[in-house]
Amino acid sequence: MFVSRPAVHPVEAPPLTDAAENPPRVRMKDIQGMPGTPGGLALRFFQFAFAVAALGVMVSTSDFASVTAFCYLVAAVILQCLWSISLAFLDIYALLVQRSLRNTRALCMFTIGDGITSTLTFAAACASAGITVLIGNDLNVCSQNHCTSFETATAMAFISWFAVSPSFLLNFWSLASR
């Protein structure tokens, strides 16, 4: 009996579609508060405004230089002012020319700068708060010092730190999600 044997012929498989298995990566939408967005510009403005308020109130007192924590607060908010206003100008530029500031190097720089300035501002505000509590509550010498001005400057520094924290967290999150 003559029986044919099945022959195996290689057949090419259809090419796998990349779109079906691996959809193209979609860039995360710009979340308000990130660099180059109106929300980011607003955060930078608030950081700058409250840091300037803290600086102005602290410098308006005559005896802030006698306490190291207050000098540290002044130095920290000066750095915060410079950092916030420079990034605010960068945000304005990005908004005017409609550019995204999602470059990895730029985000790394923003994240490191926000982390440093927020840490310094928070530490200075905490140190100043400790000194104001010492002067006001423990030593009871508010009549000889400008306790209200010191407390106001410390509060403005804390509010500036509260405005820096979302910027840092959003930049860090965006950098980590790459």
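For the structure, see preceding data.
How each quantity is defined
Residues numbered from 1 in each chain as written. Predicted model: local features only at pLDDT ≥ 70, side-chain atom pairs only at ≥ 80, totals over all residues. Heavy atoms only, no water. Disulfide = S-S within 2.5 Å. Buried < 20%, exposed > 50% of the residue type's maximum accessible area, 1.4 Å probe, protein only. 1 Å grid on protein atoms, 1.4 Å probe; cavity = no way out; pocket = protein on both sides within 12 Å on 5 of 7 lines; lining within 4 Å. Points joined across faces, edges and corners; volume = space filled by probe spheres on them. Helix = DSSP H or I, 4+ residues; strand = E, 2+ residues; numbered from the N terminus. Nonpolar A, V, L, I, M, F, W, Y, C, P; charged D, E, K, R; others polar.

Caption draft 1: Highlighting the state of the cysteines. The final tally for this structure, using the stated rule, is 1 disulfide. Two residues, C142 and C147, share a disulfide whose sulfurs are 2.1 Å apart. When the S-S torsion is -100 degrees, as for the bridge of C142 with C147, the disulfide is left-handed. Since its relative accessible area comes to 31%, C142 is described here as partly exposed.

Caption draft 2: Region of interest: empty space enclosed by the protein. The tally for this structure, following the rule as stated, stands at 1 cavity of 30 Å³ or more. The calculated volume of the largest cavity comes to roughly 40 Å³. Lining the largest cavity, in full, are G33, M34, P35, G40, R44, D91, S167 and N171. Elements supplying a minimum of two residues to the lining of the largest cavity: α2 (38–60) and α5 (147–176). Considering only residue class, the lining of the largest cavity consists of 2 nonpolar, 4 polar and 2 charged.

Interpretation note: all reported values are geometric properties and have no functional meaning in isolation.
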